[in-house]
Amino acid sequence: MTATKDMASHFKPLEDTDFEVRSLDSVCLNESHLVHPWWYNFKYLITGIAFGIILVKSEVISWFRIQEMFRFQSFHMYGVIGSAVIVGMLSIFIIKKFNIKTIYGEPIDLSAKKFNKGNIYGGLIFGFGWALTGACPGPLFAQIGTGALVVSVSLLSAIAGTWMYGYLRDKLPH
Amino acid sequence: MEILTKPWPWYVAGPIIGLMVPLLLIIGNKAFGISSSLRHICAACIPANISFFTYDWKKEAWNLFLVGGILIGGIISAYYLGSTEPVVVNENLRAELQTYGVTDISSLMPVELFNFNSLLTLRGFILIVVGGFFVGFGTRYAGGCTSGHAIMGISNLQVPSIIATCSFMIGGIVMANFILPYILSL
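All values reported here derive from a predicted model rather than from experimental measurement.

## A short note on the overall build of chain A
Phase 1 of the analysis: Within chain A, the secondary structure is distributed over 8 helices and 0 strands.
Phase 2 of the analysis: Counting the 174 residues in chain A, one finds 47% classified as buried.
Phase 3 of the analysis: The contacts in chain A between residues at least 6 apart in sequence include a share of 51% that link residues at least 24 apart.

## A short note on the environment of B:Gly33
Phase 1 of the analysis: Among the structural elements, B:Gly33 can be located in the loop between helix H2 (10-28) and helix H3 (36-45).
Phase 2 of the analysis: Here the alpha-carbon distance between B:Gly33 and B:Arg94, two residues 61 residues apart in the chain, equals 33 Å.

## Re the interface of chain A and chain B
Phase 1 of the analysis: Each side of the interface is counted separately: chain A has 113 residues, and chain B has 116 residues.
Phase 2 of the analysis: Those elements giving two or more residues to the side of chain A that touches chain B turn out to be helix H2 (17-25), helix H3 (42-57), helix H4 (63-70), helix H5 (76-97), helix H6 (118-133), helix H7 (137-145) and helix H8 (151-168) of chain A.
Phase 3 of the analysis: Broken down by class, the residue content of the side of chain A that touches chain B amounts to 63 nonpolar, 37 polar and 13 charged.

## Here we look at the nonpolar core
Nonpolar side chains in soluble globular proteins tend to end up buried together.
Phase 1 of the analysis: Within the largest apolar cluster, 92 residues are counted, with the highest numbers of intra-cluster contacts made by A:Ala131 and B:Ile151.
Phase 2 of the analysis: With residues up to four places along the chain from it excluded, the contact list for A:Ala131 reads A:Ile66, A:Phe70, B:Gly172, B:Met175, B:Ala176 and B:Leu180.

## Here we look at the confidence of the model for chain A
A low pLDDT means the predicted coordinates there should not be read in detail.
Phase 1 of the analysis: Summary statistics for chain A give a mean pLDDT of 85 and a share of 81% for residues scoring 70 or more.
Phase 2 of the analysis: Low pLDDT, under 50, characterises residues 1-21 of chain A; the stretch is placed with 8 contacts to residues that sit more than four places away or in other chains.

## Side note on H8(A)
Phase 1 of the analysis: Spanning 18 residues, H8(A) covers 25 Å between terminal C-alpha atoms, matching the ideal 26 Å at 1.5 Å per step.
Phase 2 of the analysis: Among the residues making up H8(A), those that are buried are A:Val151, A:Ser154, A:Leu155, A:Ser157, A:Ala158, A:Ile159, A:Gly161, A:Thr162, A:Trp163, A:Tyr165 and A:Gly166.
Phase 3 of the analysis: Against H6 and H7 of chain A together with H3 and helix H6 (122-142) of chain B lie the buried residues of H8(A).

The rules behind each value
Just so you know, the residues in each chain are numbered from 1, in the order the chain's sequence is written. The naming scheme follows written order: chains are lettered A onward, ligands numbered 1 onward. The model is predicted, so local features are restricted to residues of pLDDT at least 70 and side-chain atom pairs to those at 80 or more, both for listing and for counting; the totals for chains, interfaces and linings are taken over all residues. Each helix is a run of H or I in the DSSP string that is no shorter than four residues. Each strand is a run of E no shorter than two, and both are numbered from the N terminus. Buried means a residue has 20 or more other C-beta atoms within 10 Å of its own C-beta, exposed means 12 or fewer, and partly exposed covers the counts in between; C-beta atoms are placed from the backbone. Placing a C-beta atom from the backbone of each residue, one calls two residues in contact when those atoms lie within 7 Å. Amino acid classes used here: Ala, Val, Leu, Ile, Met, Phe, Trp, Tyr, Cys and Pro are nonpolar; Asp, Glu, Lys and Arg are charged; the rest, including Gly, are polar. Each nonpolar core consists of buried Ala, Val, Leu, Ile, Met, Phe, Trp, Tyr and Cys residues. Their C-beta atoms, within 7 Å, join them into a set. What pLDDT expresses is the predictor's confidence in each residue, scored from 0 to 100. Helix span is expected to be 1.5 Å times the residue number reduced by one.

See the structure below:
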């Protein structure tokens with residue numbers, strides 16, 4: 001049933017504001033029409049474990065590294081993010097060029113993001129938070145894993161912040 | 001083994017992080033992004049009839065598995081790949097932090113700032129609680145975080161992601177250089 005519904009919302013994006021917000025989040029868009037058993041999700045758990053190890057071992061989760069980045073005292077973080085973007089860009093170029101499919105043979109969907117003022121206002125607010133906590137959302141989880149248990153308070157607060165955004169969304173400029 | 005326990009250089013870590021983008025696309029048509037997990041947690045636990053949270057979060061469960069993995073990855077690296085040496089911190093930063101009484105660089109987080117007792121101080125409350133709130137509120141308002149915008153979005157040549165990433169950097173630079181010194185002096 002969702003397949004037809006999705007198609008309809010693609011053609012009428014202006015009426016379905018939720019679609020707009022979702023497209024900004026790139027969430028619920030790359031939805032596969034294949035139905036997998038829940039344990040297929042373990043491949044994402046393994047991906048996450050690899051990602052978590054890299055975040056810790058490259059010290060991306062370090063409050064000190066984040067301060068050095070924002071104070072231009074070290075190249076490290078710029079090197080990490082810059083080389084990640086270059087590799088990501090090349091990968092997407094190759095995927096598009098050779099029309100590479102998923103392991104299930106589906107075409108890969110790459111959704112376009114639409115600009116709104118939240119990209120700026122929200123971005124600035126997140127920048128403040130990143131400099132204070134020394135963590136973006138991924139590192140919050142990794143920091144807790146390394147034993148910095150107080151960061152679980154930051155995580156709960158981040159969840160509260162996300163909830164507050166959802167609550168105030170209609171009143172905020174977009 | 002020593003190569004693994006020492007901090008990994010940027011030219012090893014960065015490209016592997018970049019490979020997360022094609023990996024997630026190829027194994028399941030998923031766009032790399034972490035901050036959405038916070039939204040799914042809201043949708044799962046406290047939707048409160050807010051339209052932003054009333055969607056079928058179970059379809060996005062993969063994202064929760066991903067962040068669960070990040071947490072486990074943190075445990076594995078701390079217990080099996082942990083470095084015993086102090087963190088290398090830029091000399092200027094180290095000297096400045098000393099003036100605020102932050103001298104311990106034995107772990108990746110400054111333990112004098114991030115501990116449960118400091119939650120009861122104004123300084124600790126701002127860093128841990130207010131900072132966390134800004135991360136959650138700001139990423140959702142911006143429509144993504146470092147992974148969704150800076151890495152996935154820019155890799156896909158999305159202009160909104162470039163604008164968002166510049167905003168993250170401006171916000172962080174302003175906070176770290178002009179506001180944080182006052183907070184650390186509290």
